Amino acid sequence: MSVITVIPGDGIGPEVIEQAMLTLDRLQLGLEFDVLDHVNADTFLRTGVALCDEDFERVRSSRSVLLGAIGDPRVGSPAYGRGVLLRLRFELDLYVNHRPAKLLHDRLSPLRADSARAVDCIVIRENTEGLYTGAGGSVHPGSEHEIALDVDLSTYHGTARIVEYAFSIARREVCMVDKANAVEFGGGLWQRCWRAAAARHPDKASRHLYVDAAAMQMVTDPTGFDVIVTNNSYGDILSDIASAVAGGIGTAASANLNPERGFGLYEPVHGSAPDIAGKDIANPVGAILSAGLLIGDLGHHEAAAALRAAISQAVAAGETTPDLGGSLDTRGAGEAIRARL
Ligand code: ATP
Ligand code: MG
């Protein structure tokens, strides 16, 4: 029996996670849920603690976490998001951010050219280094002489393991994306690690793009991509472009992984979407697809494929929430998927 820790979180998080849990139940895989429904902004505002040590231990002891969204406009400080998401990411060393982008239906593509529509790629973003470690500082803060510095950190260890992961999961090709023509030191390290990984995987093709060219190609011809691997900040941006060309933020799933430890935290790419929270129009597809990634990693490959097929069919039939042109509410869209399982 696999225990899945569930953190519904804030805003539309609980709404879409409920649909993901109901859908997993329908698959009858014998999964058990440990729901931490008190890990949210209300608790943070009341106690000042986002994720207490006891909850952190519950998460650490399970192999799989399903998360809705963390974020609330009432919380001004970055301490909340850092306390939950970044704590999990850094302390559990979830160094892989794995984001598939596959067009569910032609109708959802914002791209005009037919040739650009069949997007089916995976963006692998380094999740623990780069610009987002908080390293840096400011001289003369608040004055007209302020100098602000954020360190863009790449280690050999961190870079080597993320490019190796990319080659290990690629079907046919890895495209490494950097800005080595302008960012000299990190660029050099990424180039070295990428070439070494490519040499270890002669069965996989390998190419390189600068991030500006990669962003353009993602829009003009995303069909050429299989696996893209890049650093934390370029991955942040490219994976959002990929989810947009693949049908929109409500449909995109992601996994934060430590492959060596067999640990994964799965979450929809969208956030808490406070503008639509409580309106019962949130699209549950991103959350349900994230649950699909989770069960796939637990070895339930057939069930994961069935889930994907059910989602494609429901979307093709127009049985969706308004963001995809349908008229169903969140539960109705979840039911439309479950009815096809
Ligand atoms: P956060 O700070 O938690 O990320 P946000 O204000 O950035 O919140 P997002 O959740 O990132 O909001 O979403 C951006 C926009 O996309 C929202 O305005 C929302 O209307 C739309 N959106 C996001 N997720 C969904 C969804 N599941 N279904 C429908 N619309 C969505
Ligand atoms: Mg957001």
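Residues numbered from 1 in each chain as written. Chains lettered and ligands numbered in written order. Predicted model: local features only at pLDDT ≥ 70, side-chain atom pairs only at ≥ 80, totals over all residues.

Asks: Please explain helix α1 (residues 13-26) as it appears in this structure.
Replies: One turn of the α-helix equals 3.6 residues, which is why residues spaced by three or four share an orientation. Between its terminal C-alpha atoms α1 stretches 20 Å, which fits the 20 Å expected from 14 residues at 1.5 Å a residue. Gln 28, located one to two residues past α1, shows a positive phi value of around 50°. (Helix = DSSP H or I, 4+ residues; strand = E, 2+ residues; numbered from the N terminus. Expected span 1.5 Å × (residues − 1).)

Asks: Can you help me understand the site of ligand 1 in this one?
Replies: In the region of ligand 1, 18 residues are neighbours, and Gly 71, Gly 250, His 270, Gly 271 and Asn 283 sit closest. Considered class by class, the residues forming the shell around ligand 1 number eight nonpolar, eight polar and two charged. (Near = placed C-beta within 6 Å. Nonpolar A, V, L, I, M, F, W, Y, C, P; charged D, E, K, R; others polar.)

Asks: Which parts of the structure should I look at to understand the environment of Pro 222?
Replies: Counting through the fold element by element, Pro 222 comes out in the loop between α7 (211-220) and β10 (227-230). Given 24 C-beta atoms within a 10 Å radius, Pro 222 is considered buried. With 111 residues separating them along the chain, Pro 222 and Leu 111 place their C-alpha atoms 9.9 Å apart. (Buried ≥ 20, exposed ≤ 12 C-beta atoms within 10 Å, placed from the backbone.)

Asks: In this structure, what is going on with the sheet that holds strand β11 (residues 253-258)? I would like to understand it.
Replies: The strands making up a sheet are joined through hydrogen bonds of the backbone, oriented either antiparallel or parallel. What the ten strands build is an open sheet, ordered β2-β1-β3-β12-β11-β4-β5-β10-β8-β9; its pairing is mixed. Of all strands in the sheet, those with a lone pairing partner are β2 (32-35) and β9 (205-210), marking the two edges. Along the sheet, successive strands turn relative to each other by an average axial angle of 25°, direction set aside. Bridging between strand β4 (residues 96-102) and β11 involves three bridges; their strand directions are antiparallel. (Pairing = 2+ DSSP bridges. Axes fitted to C-alpha atoms, helices over the stretch in contact; angles between N-to-C directions.)

Asks: Looking at this structure, how should I read the confidence of the model for the protein chain?
Replies: A low pLDDT score tells you not to read the predicted coordinates there in detail. Overall, the prediction assigns the protein chain a mean pLDDT of 95, with 99% of residues at 70 or greater. Both scores are given for the predicted complex: the pTM is 0.94, the ipTM 0.95. (pLDDT = per-residue confidence, 0-100.)

Asks: Honestly, the packing of α1 against helix α11 (residues 330-338) in this entry has me stumped. Any pointers?
Replies: The relative placement of two packed helices is expressed as an angle between their axes plus a distance between the axes. At their nearest, the axes of α1 and α11 sit 10 Å apart, and the two run at 20° to each other. Relative to α11, the element α1 lies roughly parallel. When you trace α1 past α11, the crossing you get is right-handed. On the side of α1, the interface is formed by Glu 15, Val 16, Gln 19, Leu 22, Thr 23 and Arg 26, while α11 contributes Thr 330, Arg 331, Gly 334, Ile 337 and Arg 338. Residues of the contact of α1 with α11, tallied by class, amount to three nonpolar, four polar and four charged. (Parallel < 35°, antiparallel > 145°, perpendicular 65-115°, else oblique. Left-handed = near helix turned anticlockwise from the far one by under 90°. Contact = placed C-beta atoms within 7 Å.)

Asks: Mind showing me how you'd approach the nonpolar core here?
Replies: The nonpolar side chains of a soluble globular protein tend to be buried, and buried together. Ranked by internal contacts, the top residues of the largest apolar core, which has 95 residues, are Leu 66, Ile 124, Ala 166, Ile 228 and Ile 311. If you tally residues by element for this core, the top one is helix α9 (residues 285-297), at eight residues. Viewed by domain, this core spans two of them, domain 1 (1-99 + 250-341) and domain 2 (110-245), each represented by three or more residues. When sequence neighbours within four positions are dropped, the list of residues in contact with Ile 311 reads Leu 104, Val 285, Ile 288, Leu 289 and Ile 337. (Core = buried A, V, L, I, M, F, W, Y, C linked by C-beta atoms within 7 Å. Domains from an automatic or database assignment.)

Asks: Would you explain the domain arrangement of the protein chain in this entry?
Replies: Note: interface size is frequently given as the accessible area lost on complex formation between the parts. According to the domain assignment, the protein chain consists of domain 1 (1-99 + 250-341) and domain 2 (110-245). With 13 residues of domain 1 in contact, the opposing surface of domain 2 contributes 15 residues. Listed by contribution, the elements that provide at least two residues to the side of domain 1 that touches domain 2 are α4 (79-91) and β4. With four residues, the single largest contributor to the side of domain 1 that touches domain 2 is β4. Residue composition of the side of domain 1 that touches domain 2, by class: seven nonpolar, three polar and three charged.

Asks: Explanation requested: the packing of α1 against α9 in the structure shown.
Replies: Relative orientation of the contacting elements α1 and α9 amounts to 45°, with a least axis distance of 8 Å. Classified by the angle their axes make, α1 and α9 are oblique. The interaxial crossing formed by α1 with α9 has right-handed handedness. Between α1 and α9, the contacting residues are Val 16, Ile 17, Gln 19, Ala 20, Thr 23 and Leu 24 on the first element and Gly 286, Ala 287, Ile 288, Ser 290, Ala 291 and Ile 295 on the second. In terms of residue class, the contact of α1 with α9 is built from eight nonpolar, four polar and no charged.

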